[in-house]
Amino acid sequence: MTDNADFAIRARGLTKRFGPVTAVDHLDLNVPRSIIYGFLGPNGSGKTTAIRMLCGLLTPTEGDATVLGFDVPGDADALKPKIGYMTQKFSLYADLTVQENLDFIADIYTYPRNDKRARIETLLEKYNLLEQRRQFAGTMSGGQKQRLALACAVLNKPELLLLDEPTSAVDPKSRRDFWSELFSLADSGTTILVSTHYMDEAERCHRLAILDHGRKVADGSPAELQNSTGMSIVEVLAENPFAAQVELSKLPEVMSVTQLGVRLRALIPQAVANPLQLVDNLLSANAIPAQTKIVDASLEDVFVAVTQKGYAAEQAA
């Protein structure tokens with residue numbers, strides 16, 4: 001056990017290869033305690049593999065990590081009672097009732113028998129599962145299953161909660177309610193590492209890392225990342241947005257152009273002088289009426305910018 005009092009997680013050069021495939025590539029992490037830290041990235045970006053290494057379920061090919069002061073995977077057995085883990089797919093027992101699932105998890109954690117009943121009652125009430133206590137888990141809705149899975153993950157009052165795309169199969173209201181619970185947990189001192197591919201969820205995190213093909217390509221608070229894209233964002237409101245997008249895509253200075261309803265967002269490196277004039281001249285030359293302005297970067301703009309830079313670097317190598 002080592003001393004990393006300021007951080008719940010520290011990782012250096014964490015790497016995992018499966019044969020010729022590198023799932024996680026020299027990942028460095030510093031996750032402060034009592035915050036919500038996000039992994040943002042598409043499927044296949046290494047989020048799940050990284051989480052499994054951090055909780056000791058996978059052995060790194062290279063690198064090392066310290067989680068809650070324990071070296072993983074070496075001290076994984078000592079670490080496990082201090083963490084909660086919620087997988088992407090519902091992984092509890094469908095043929096057990098809600099209460100039976102909670103009882104079973106409490107027994108796995110050897111939760112003190114004298115306190116177990118009170119703890120389960122508290123969780124049933126907190127996560128709005130009192131009416132479902134005798135319902136088989138397999139018959140529950142997506143939102144109910146999510147609440148049950150979270151209740152099981154926090155039953156042992158973990159210092160660290162690891163959540164792997166926990167809202168991928170629930171409705172928007174359930175997602176909002178779920179995040180309210182996460183903020184409550186973080187406020188009470190729990191550190192939360194959550195993976196997601198939803199931009200709106202990533203914006204809720206106190207800090208986040210963007211992963212792309214197993215590599216960390218950006219790290220910081222959402223505001224820090226949005227202020228450091230290295231891009232000018234030109235918003236275009238055109239009468240014919242598709243025609244405008246076609247022409248903008250031809251400009252070598254435009255890294256990316258995305259249509260959002262009737263608006264376009266063009267990403268242009270800040271090294272390019274007068275990006276607004278560049279776009280106006282192009283649209284005028286092609287007789288495309290439009291209004292343009294420079295706008296602040298969104299987190300989606302950040303994601304596109306950093307992943308496109310990585311792709312460009314690979315092509316140049």
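Attention in this report is confined to the structure presented alongside it. (Residues numbered from 1 in each chain as written. Predicted model: local features only at pLDDT ≥ 70, side-chain atom pairs only at ≥ 80, totals over all residues. Heavy atoms only, no water.)

**Some words on the pattern of salt bridges**
Between side chains of opposite charge, pairing is possible as soon as their charged atoms come close. This is how it is decided: Here a salt bridge means any side-chain nitrogen of Lys or Arg lying within 4 Å of a carboxyl oxygen belonging to Asp or Glu. Each helix corresponds to a stretch of at least 4 residues labelled H or I by DSSP, and each strand to a stretch of at least 2 residues labelled E; elements are numbered beginning at the N terminus. The buried label applies to any residue whose accessible area, calculated with a 1.4 Å probe on protein chains only, is under 20% of its type's maximum; exposed applies above 50%, and partly exposed to all values in between.
This model, assessed by the stated rule, comprises 19 salt bridges. Here R207 ties to E224 by a salt bridge, and the two come within 3.5 Å at their closest N and O atoms. Residue R207 is located in strand 9 (residues 207-212), and its partner E224 is located in helix 8 (residues 222-226); the two are separated by 17 residues in the primary sequence. The class of R207 is partly exposed, set by a relative accessible area of 26%. Because the salt bridges share partners, they merge into one network encompassing E235, R263, R265, K293 and D301.

**Things to note about the sheet that holds strand 1 (residues 7-18)**
Using the following cut-off: Strand pairing follows a simple DSSP-based rule, namely that at least 2 bridges must link the two strands. Throughout, an axis means a line fitted to C-alpha atoms (over the contacting stretch in the case of helices), and angles, computed between N-to-C directions, take values from 0 to 180 degrees. Any two residues whose heavy atoms approach within 4.5 Å at even a single point are treated as in contact.
Taken in spatial order, the four strands line up as 2-1-4-5 in an open sheet, and their pairing is antiparallel. The outermost strands of the open sheet, each flanked by one partner alone, are strand 2 (21-32) and strand 5 (70-72). Between one strand and the next, the sheet's axes are offset by a mean angle of 20°, whatever the strand orientation. Where strand 1 meets strand 4 (residues 62-67), five bridges bridge the pair, whose relative direction is antiparallel. Bridged to R10 within strand 4 is T66. Taken strand by strand, helix 1 (residues 47-54) contacts strand 1, strand 2, strand 4 and strand 5, and its axis lies near 120° from that of strand 1.

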